[in-house]
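Each chain is listed here by its residues.
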Amino acid sequence: MMTSIAVSVVGLRKRYGRTVALDGVDLDLGPGVTGLLGPNGAGKTTFLRTVATVLAPDDGTIRLLGEDPSTAAGRHAIRTRLGYCPQEPGFYPGFTTFDFVDYVAILKEMTDRRARHDEVRRVLGLVGLDEVSGKKIRSLSGGMRRRVAVAQSLLGSPDLLVLDEPTAGLDPEQRLRFREILSRRDPGQAVVLSTHQTEDVAALCQRVVVLHGAKVHFDGTTAELAGVAHDRVWRAGGPDPTARVSWIDATGQYRHVGDPPAGADLVEPTIEDGYLLLVGAAAHAPAVPETGPEAEVA
Amino acid sequence: MSRSRPGPGWPDDRAVALATVAPLGRREARALALHPAFLIGLIVLPGLILLMAGAEPDPEARPIIDNRDLALVPVLTAWAVIVASGMAVLRNRRYSTEELWASLPTTPITRTSAHLVATLVGLPAGLAVLVASLILAWAQGETGSPLWTDILVAPLIVMGAGVVGVAVARWLPRAVFLYAAILAVTVLQTNLWYGDDRWRWLHFSTYGNDPPVAFDALYGRVEWHLVYVVGLIAFAGLLALVRHGWSTAATGVAIAAAVLVAPAAWVQTRPYAEADVARILSRLEEPDTYQVCQVHGGVTYCAHPREVAAIETWTGPVGSVLERVPADAVPADLEVRQRPTIELLDQAIPDGVRRPLEADPTRVWIDDGHVHPSGWVDASYFGELRLAYQAASAVVGLPVTWTAGTEQCLASGQARSVVALWLAGSASTGSTDSLRNLAAESAPGEPVHLDDTNIDTTSLVLEHGSVLDPADLVAAVALVDLDLSAAQVHSLLSQHWDEVVDPATPADRVLAWAGADPARAVEPLSGGDARPCPSTRGVEGA
């Protein structure tokens, strides 16, 4: 049964040796799309792997879809209602697209052959891969493979969908298609979306969480994230040393983010501006590797 | 491409989802059947063997179906299946799907179970190789019937190899260990307890130590070996499952493996009870009490129940001899009755059987005037010539088999000796070749033993009643070279039969009747160890 809180973590901690990946993260995520932003090494992937029951936390409590993942029964109950698209999904290149997604469907315990095949065709249609369902995965482009990864995560219309950079490598049309897919989701479904594409967050997410330095730095709506930069974005004809970040925009003028000088030409901020202000220059200095150390999952 | 792997996850769940095992097992079976290593093992390796066998037929090859050879034909397939099944298990590591798999409800032990179920595809694959081998054997003129209890181990070997591949890949998840496993299994199978027949039952195939087939039939243990091998496979499956910790499934498989292996191993290797020893001895001494008999051309042929198919290898040579002699010359009670070769050093033979036979070999090999093939008869190694010579000896009045405690006899220069060899050498293409070879290899003046082993105390094998004079062999070859039809030989011998069986009739008379060059006859052997052969037809020997 769907609960209103799909993901509930309190004091979540995870370390890789001496490196802290998550440091006391507290979050409650409900239905809707939650965007997860953060610089490389902020702990996004570690957080998503934990939510996907792939990683066990070192400390803290976690409940997913109302179940406790620390018990075998709880994990099983969660995994049957979970869809996960890893950052680096592996594929069996010798399998056809259909066979690979069908294989995942079997691992999702869809045992009725006819119903499973119908479901596989449905998700392949959703991501626009029905035309290449008979093609070997080794012959697909990188973008198509990414869509295969998204397709398998949609199997069974999961109550909790965990997507780690699903639009990486997709062309603009495919990214729009992806947005369309998420827009058609069941309203009760909870989606956790990690991405570096702030446009995707702006277009899709009702809520956004910014992770930085293994901690939650922001938790609010996209408007609130943009609001962080309210009165702190201005245009000018040249560089401004007081700005924290600057670039030349489409108008050919400098767009500055930071503390504006008096009389500056203030403009409407975006969530990207808010994000930049939150993580600042430190965004370019990763605290931990984006992915964990080499280890085995049987 | 290097990919990162997630850190430590939750402990492996140990529940096997049976509802998932079936569809996943089917999917994995399909993947296994299409794996290049599997296809190579199924088609290319046996195909090479078949091509080699078909391209250069060995004229000396045994033209009979050798059940234990057949059982081992799929061994190369089994090697490939170890690799194929292991690589299927390692697929998720190779292509880095572990992270995704870890987020799915199907547990690793369920996936392992499915991989084990998928190895069932080895059964039809092994059967296919077996059937192809059988068809080839029959196409090449091999005779005899397959003994299913022996050869059905072949598909089990293929399936068992798949299970071994799964277990190895689960414990040692690197491809190189699969190749090491092939080596290890081969070394174990060929060396473990090698040289001690008592333990050959504990191999996948009992072939390794050249077991005495007839004794297997007497022991009645062969069927249990199939049960034992199934249990071994279950045990290998257990090794794969316990990689995920002890589970309910592992307990079930452990119980099944124990229930199959323990009694089957015990039955096969247990010491013999006195009643068993007495039963085996009595069957050896009185084969008529349990052998199965058939009548062909008025002659009774009897064989061990599991080797009845051997009879068809006897009827040809014996029938050829009998059709060339007068009908009333054939002893009315002539029987062709199997007696097994007994290797007294074979440790599989119970002491209670070996000792009495060692002390008195005549308990088994009795000079009763009947023909006694020791087992399968084939064209090579003088097999057909020996059998035909026994039948011919019975007809012309020479002792058929040797009796311990007496000397083999010599009928050098006698018409009956040359006729017996002529009949034997005309019995089949194989016997003709054997006769020529024997004559060519014999030293003039030295008696020839048709048997290829000397009479000794280590084996009880068929020994013929008579030894041969090389000159008689040369004369017989001259007669065979006339290439007379069976009817012509029959007519000729019918005219002179009384003289043929008379020990006083010299060999050159036969050459003269047939129109062969009498100059090829030489003086009879004299002296030596052999005694003159008596006549078993009531005519005193010379």
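For every chain, the first residue of its written sequence is number 1, and the numbers climb from 1 along that sequence. In the order they appear in the text, chains get letters beginning with A and ligands get numbers beginning with 1. Owing to the predicted nature of the model, reporting of local features is limited to residues with pLDDT of at least 70; listing and counting of side-chain atom pairs is limited to 80 or more, with chain, interface and lining totals taken over all residues. For the side-chain quantities, the full set of heavy atoms in the structure was used; hydrogens and water were omitted.

Colleague: Outline the overall build of chain B, listing residues and values.
Modeller: Looking only at helices and strands, chain B features 23 helices and 8 strands. Throughout, exposure labels follow a simple rule: accessible area from a 1.4 Å probe, protein chains only, divided by the maximum for the residue type, with under 20% read as buried, over 50% as exposed, and the rest as partly exposed. Split into buried and exposed, the 542 residues of chain B put 55% on the buried side. Note on contacts: a residue pair is in contact if any heavy atoms of the two residues lie within 4.5 Å. In chain B, of all internal contacts separated by at least 6 residues, the share reaching a separation of at least 24 is 79%. Accessible area for chain B stands at about 22,100 Å²; split by element, carbon and sulfur atoms hold 61% of it. Put simply, DSSP marks the helices as runs of H or I at least four residues long and the strands as runs of E at least two long, and each gets a number from the N terminus on. Residue burial considers only the protein chains on display, and all accessible areas are found by Shrake-Rupley using a 1.4 Å probe.

Colleague: With reference to specific residues and values, describe the pairing of strand β1 (residues 7-16) of chain A.
Modeller: Residue and element names in this part refer to chain A. In this structure, β1 lies alongside strand β4 (residues 59-64), joined through 5 bridges in antiparallel fashion. Pairing of R13 across the sheet is with D59, part of β4. A pair of strands counts as paired when DSSP detects no fewer than two bridges linking them. The loop that links β1 with its antiparallel partner strand β2 (residues 19-29) comprises 2 residues; one of these, G17, has a positive phi angle of about 65°.

Colleague: Account for the pattern of salt bridges, naming residues and giving values.
Modeller: Any two side chains of opposite charge can pair, so long as their charged atoms come close to each other. All names here are of chain A. Basic side-chain nitrogens of Lys or Arg form a salt bridge, by our definition, when they fall within 4 Å of a carboxyl oxygen of Asp or Glu. Summed over the entire model, instances satisfying the criterion amount to 25 salt bridges over all chains. Salt-bridge contacts for D23 lead to R13; the nearest nitrogen and oxygen are separated by 2.5 Å. Residue D23 is located in strand β2, and its partner R13 is located in strand β1; the two are separated by 10 residues in the primary sequence. Judged by relative accessible area, D23 falls into the partly exposed class, the value being 22%. Between D159 and R81 there is a salt bridge whose closest N-O contact spans 2.8 Å. Placement of D159 in the loop between α5 (142-153) and β6 (160-164) and of R81 in the loop between α2 (72-80) and β5 (82-85) is noted, with a sequence separation of 78 residues between them. Owing to a relative accessible area of 14%, R81 belongs among the buried residues under this scheme. Within the structure, one salt-bridge network assembled from shared partners comprises R13, D23 and K215.

Colleague: Give a detailed account of the sheet that holds β4(A), specifying residues and quantitative values.
Modeller: Residue and element names in this part refer to chain A. In space, the 3 strands of this open sheet follow the order β2-β1-β4, with antiparallel pairing throughout. Only two strands of the sheet have a single neighbouring strand rather than two, namely β2 and β4. Across the sheet, the mean angle from the axis of one strand to that of its neighbour is 25°, orientation sign disregarded. Simply put, an axis is a line fit to the C-alpha atoms, just over the touching stretch for a helix, and the angle between two N-to-C directions goes from 0 to 180 degrees. Sheet contacts for helix α1 (residues 44-51): β1, β2 and β4; angle to β2, the most-contacted strand, approximately 55°.

Colleague: How would you sum up the interface of chain A and chain B? Please name residues and give values.
Modeller: Each partner contributes residues to the interface: chain A has 45 residues there, and chain B has 36 residues. When chain A packs against chain B, close to 4,100 Å² is buried across both sides, 58% of that on carbon and sulfur atoms. Linking chain A with chain B are 3 salt bridges. Notably, a salt bridge pairs R49(A) with E99(B), separated by 2.9 Å at the nearest N-O pair. Sorting the residues of the side of chain A that touches chain B by element identifies β1, α2, β5 and α3 (97-107) of chain A as the ones contributing at least two each. Looking at which element gives the most residues to the side of chain A that touches chain B, the answer is α3(A), with 6 residues. Each residue is assigned to one class: nonpolar for Ala, Val, Leu, Ile, Met, Phe, Trp, Tyr, Cys and Pro, charged for Asp, Glu, Lys and Arg, and polar for all the others, Gly among them. Residues of the side of chain A that touches chain B, tallied by class, amount to 25 nonpolar, 9 polar and 11 charged. Defined in terms of a 1.4 Å probe, buried area is the accessible area two parts forfeit on being brought together, summed over both.

Colleague: Explain helix α18 (residues 415-425) of chain B to me, and be specific about the residues and the numbers.
Modeller: Counting buried residues along α18(B), 11 of its 11 residues qualify, which places the element largely inside the surrounding structure. For α18(B), the full list of buried residues reads A415(B), R416(B), S417(B), V418(B), V419(B), A420(B), L421(B), W422(B), L423(B), A424(B) and G425(B).

Colleague: An account of the confidence of the model for chain B is needed here, citing residue identities and associated values.
Modeller: Residue and element names in this part refer to chain B. Per-residue confidence for chain B gives a mean pLDDT of 81, with 79% of residues at or over 70. Values of pLDDT, the confidence the predictor places in each residue, fall between 0 and 100. The weakest mean pLDDT in chain B belongs to helix α11 (residues 213-219) at 52; the strongest belongs to helix α6 (residues 108-118) at 96. Here residues 453-457 is modelled with pLDDT under 50, and outside its nearest four sequence neighbours on either side it reaches 8 contacts, counting other chains as well. Quick note on the complex model: pTM equals 0.76, ipTM equals 0.90.

Colleague: Tell me about the pairing of strand β7 (residues 190-194) of chain A, and name the residues and values.
Modeller: Residues and elements named next belong to chain A. Across the 5 residues that make up β7, a large majority, 5, are buried. When strand β3 (residues 32-37) meets β7, the two strands line up parallel, connected through 5 bridges. Looking across to β7, one finds that V33 is bridged to V191. Where β6 meets β7, 5 bridges bridge the pair, whose relative direction is parallel. Each bridged residue has a counterpart across the sheet, and for L161 the counterpart in β7 is V191. When the strands point away from the viewer, a crossover counts as right-handed if the path from the first strand over the helix to the second runs clockwise. For the handedness criterion, the β-α-β arrangement of β6, helix α6 (residues 172-183) and β7 is classed as right-handed.

Colleague: How would you sum up helix α14 (residues 274-285) of chain B? Please name residues and give values.
Modeller: Residues and elements named next belong to chain B. An ideal rise of 1.5 Å per residue puts 16 Å on 12 residues; α14 measures up with 16 Å between its terminal C-alpha atoms. Residues of α14 that are buried: D276, V277, I280, L281 and L284. Across the axial projection of α14, the buried residues extend over an arc of 130°, all falling on one side. Opposite its buried face, α14 presents the exposed residues E274 and A275, each directed more than 90 degrees away. Expected span of a helix: the number of residues minus one, times 1.5 Å. By arc we mean the arc of the directions from the helix axis to the C-beta atoms, nothing more.

Colleague: Break down the environment of G383(B) for me, with residues and values.
Modeller: Residue and element names in this part refer to chain B. With respect to the helices and strands, G383 occurs in helix α17 (residues 383-396). Here G383 falls in the buried class, since its relative accessible area comes to 15%. Expressed as a C-alpha distance, the spacing of G383 and V227, which sit 156 residues apart in the sequence, is 35 Å.

Colleague: Account for the state of the cysteines, naming residues and giving values.
Modeller: Two cysteine sulfurs form a disulfide in these notes if their separation is within 2.5 Å. Tallying each qualifying case throughout the model produces 2 disulfides over all chains. Residue C293(B) pairs covalently with C302(B) via a disulfide, S to S 2.0 Å. Disulfide C293(B) to C302(B): torsion about the S-S bond roughly 105°, handedness right-handed. For C302(B), a relative accessible area of 0% puts it in the buried group. Between C409(B) and C533(B) runs a disulfide, and the two sulfur atoms are separated by 1.9 Å. On the sign convention where negative means left-handed, the S-S torsion of about 90° between C409(B) and C533(B) marks this disulfide as right-handed. Pair noted here: C409(B) is in strand β5 (residues 409-410) and C533(B) is in the segment after β8 (531-532), with a separation of 124 residues, a long-range link. On the basis of relative accessible area, C409(B) is assigned to the buried category, the value being 0%. By sequence order of its bonded cysteines, chain B has the disulfide arrangement 1-2, 3-4. Looking at the unpaired C85(A), the closest cysteine sulfur is the one in C205(A), lying at 15 Å. Accessibility expressed as a relative area gives 0% for C85(A), which makes it buried.

Colleague: Now, about unusual backbone geometry: what can you tell me, with residues and values included?
Modeller: All names here are of chain A. One non-glycine residue, T53, lies in the positive phi region at around 65°. Structurally, T53 can be placed in the loop between α1 and β4. For T53, a relative accessible area of 0% gives the class buried. Here A214, not a glycine, exhibits a phi torsion of approximately 70°, which is positive.

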